[in-house]
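# Close look at the chain arrangement
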Amino acid sequence: MKKWIVLLIGALFFALAGCNNQAEEKQEETKQTEEKQTEQNKEQSNEEDVFAKAAMAEPDENTVCVFCNMKVYPKEHELGKFTAKSATENGDVLFFDDIGCLFNYERDHGGAAKKYVRDYNTLEWIELQNATVVKADIKTPMNYGYAFFAKKEDAEKFVSEQPNATIVSWEDVDQVAHERYMKKKQMMQNKNDGHGDSMDQHDHDNGDMKQDGHSHN
């Protein structure tokens, strides 16, 4: 009888020990999960802070386009409404004088984490994918002729008031930019081969630089 009692007590002891171990493991697992979630929340918060600053960033009087090295206009300038910008993963902000330069820069350097354009009416920054794009007979720094709107109804109103204006897709913008990009590369190749004229990297835009208010640094 005593033997069975001893065995029973031993079984109960091991059962309780097993339960305690499981409880401790569960607590440790819960702790690790909470720590991981806290770390993820912290990283997300830091990322949001980085992009919040990038979304508000403005060019200064010395800012030049990272693609073409031409002047980037502030929003107070009549051509400033066409300025675009992008932000890298670590929050570095790159400015472009016209939207085509942004697309063509990415062909060589890869896509950015965030991209922004200005609303044509308010001049406020909006994320590129949220903008409605209008192609119109308007002067922009590199003669791309695109205006951007946060609200589709504003874009439609603009189209109704502008002759030959039409709403287009970002794919259309990218295609036009790519055509210029390839034309530029061909012209530079011709120049290197001795078959081209003395052209700077912006001759592909078929625009009058003086008319656009641009000048070389």
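Below you will find a few notes about this structure. (Residues numbered from 1 in each chain as written. Predicted model: local features only at pLDDT ≥ 70, side-chain atom pairs only at ≥ 80, totals over all residues. Heavy atoms only, no water.)

### Comments concerning the sheet that holds strand β6 (residues 146-149)
We apply this condition: The criterion for strand pairing is that DSSP finds at least two bridges linking the strands in question. Each helix corresponds to a stretch of at least 4 residues labelled H or I by DSSP, and each strand to a stretch of at least 2 residues labelled E; elements are numbered beginning at the N terminus. Interaxial angle, 0 to 180 degrees, is taken between N-to-C directions of lines fitted to C-alpha atoms, where a helix line uses only the stretch in contact. We call two residues in contact whenever any of their non-hydrogen atoms come within 4.5 Å of each other.
In space, the three strands of this open sheet follow the order β6-β5-β7, with antiparallel pairing throughout. Either end of the sheet is taken by a strand with one partner, and the two such strands are β6 and β7 (166-168). If you compare each strand with its neighbour and ignore which way they point, the axes differ by 40 degrees on average. Two elements, strand β5 (residues 132-135) and β7, share three bridges in a ladder whose sense is antiparallel. The partner of Val134 across the bridge, within β7, is Ile167. Contacts between helix α4 (residues 170-192) and the sheet are confined to β5, β6 and β7, with β6 contributing the most and set at about 150 degrees to the helix.

### Remarks on the nonpolar core
Our working definition: Here, the term nonpolar core denotes a set of buried Ala, Val, Leu, Ile, Met, Phe, Trp, Tyr and Cys residues that are joined through side-chain atoms within 4.5 Å. The classification of residues rests on relative accessible area computed with a 1.4 Å probe and restricted to protein chains. Under 20% of the type maximum is buried, over 50% is exposed, and intermediate values are partly exposed.
Membership of the largest hydrophobic core comes to 33 residues, with the highest contact counts inside it found for Phe67, Phe96, Ile99, Val117, Phe148 and Trp170. Judged by nonpolar contacts, the second largest core, of 12 residues, contains Phe82, Ala136, Ile138 and Ala165.

### Structural notes on α4
Think of an α-helix as turning once every 3.6 residues; residues three or four places apart then point the same way. Counted only if it meets this: How far a helix is expected to stretch is found by multiplying one less than its residue total by 1.5 Å.
Helix length check: α4, at 23 residues, gives a terminal C-alpha distance of 33 Å against a target of 33 Å (1.5 Å per residue), a fit within 8%. For α4, the full list of buried residues reads Trp170, Val173, Ala177, Arg180, Tyr181, Lys184 and Met187. Among the structural elements, α2 (99-109), β3 (114-118), β5, β6 and β7 are those in contact with the buried residues of α4. Positive phi shows up at Gly194, right after α4, with a value of about 85 degrees.

### Quick look at the side chain of Asp98
Quick reminder of the rule: Residues counted as positive are Lys and Arg, residues counted as negative are Asp and Glu, and His and the chain ends are not counted. Take a side-chain nitrogen of Lys or Arg and a carboxyl oxygen of Asp or Glu: if they are within 4 Å of each other, that pair is a salt bridge. N or O atoms closer than or at 3.5 Å make up a polar contact, with two conditions inside protein: a donor-capable atom paired with an acceptor-capable one, and, for residues adjacent in sequence, both atoms drawn from side chains.
Positionally, Asp98 belongs in the loop between β2 (93-96) and α2. The buried charged residue Asp98 lacks any salt bridge partner; its closest oppositely charged side chain belongs to Arg180, at an N-O distance of 6.3 Å. In terms of polar contacts, Asp98 uses its side chain to reach the side chain of Thr140, at 2.7 Å. In terms of polar contacts, Asp98 uses its side chain to reach the backbone amide nitrogen of Met142, at 2.9 Å. Leave out the neighbours within four places in its chain, and Asp98 touches Phe82, Thr140, Pro141, Met142, Asn143 and Tyr144.

### Details of unusual backbone geometry
One can expect most non-glycine residues to show negative phi and most peptide bonds to be in trans. Positive phi, normally seen in glycine, also occurs at Leu123, with a value near 70 degrees. Positioned with a positive phi, Asn164 is a non-glycine residue whose angle comes to about 65 degrees. Mapped onto the secondary structure, Asn164 falls in the loop between α3 (152-161) and β7. For Asn164, a relative accessible area of 62% corresponds to the exposed category.

### A short note on the packing of aromatic side chains
Which entries qualify depends on this criterion: Only rings of Phe, Tyr and Trp enter the pairing, Trp through its six-membered ring, and a pair is recorded when the two centres are within 6.5 Å. The plane angle decides the type: under 30 degrees is stacked, over 60 is edge-to-face, the rest tilted. Placement of a charge over a ring requires the Lys NZ or Arg CZ to be within 6 Å of the ring centre, with the centre-to-atom vector within 35 degrees of the ring normal.
Counting across every chain of the model gives seven aromatic pairs. An angle of 55 degrees between the planes, with centres 6.2 Å apart, marks the rings of Phe82 and Tyr120 as tilted. Within this pair, whereas Phe82 is found in the loop between α1 (2-56) and β1 (84-87), its partner Tyr120 is found in the loop between β3 and β4 (125-127), the two being separated by 38 residues in sequence. By the burial criterion, Phe82 is buried, and Tyr120 matches it. Ring centres of Phe103 and Trp170 lie 5.9 Å apart, and the angle between their planes is 35 degrees; this geometry places the pair in the tilted category. Placement of Phe103 in helix α2 and of Trp170 in helix α4 is noted, with a sequence separation of 67 residues between them. Chaining the aromatic ring pairs together yields one cluster made of Phe82, Tyr120, Phe149 and Phe158. Taking NZ or CZ as reference, Lys81 lies 4.2 Å from the ring centre of Tyr120, over its face. Over the ring of Tyr116 we find Lys85; its NZ or CZ atom is 5.1 Å from the centre of that ring.

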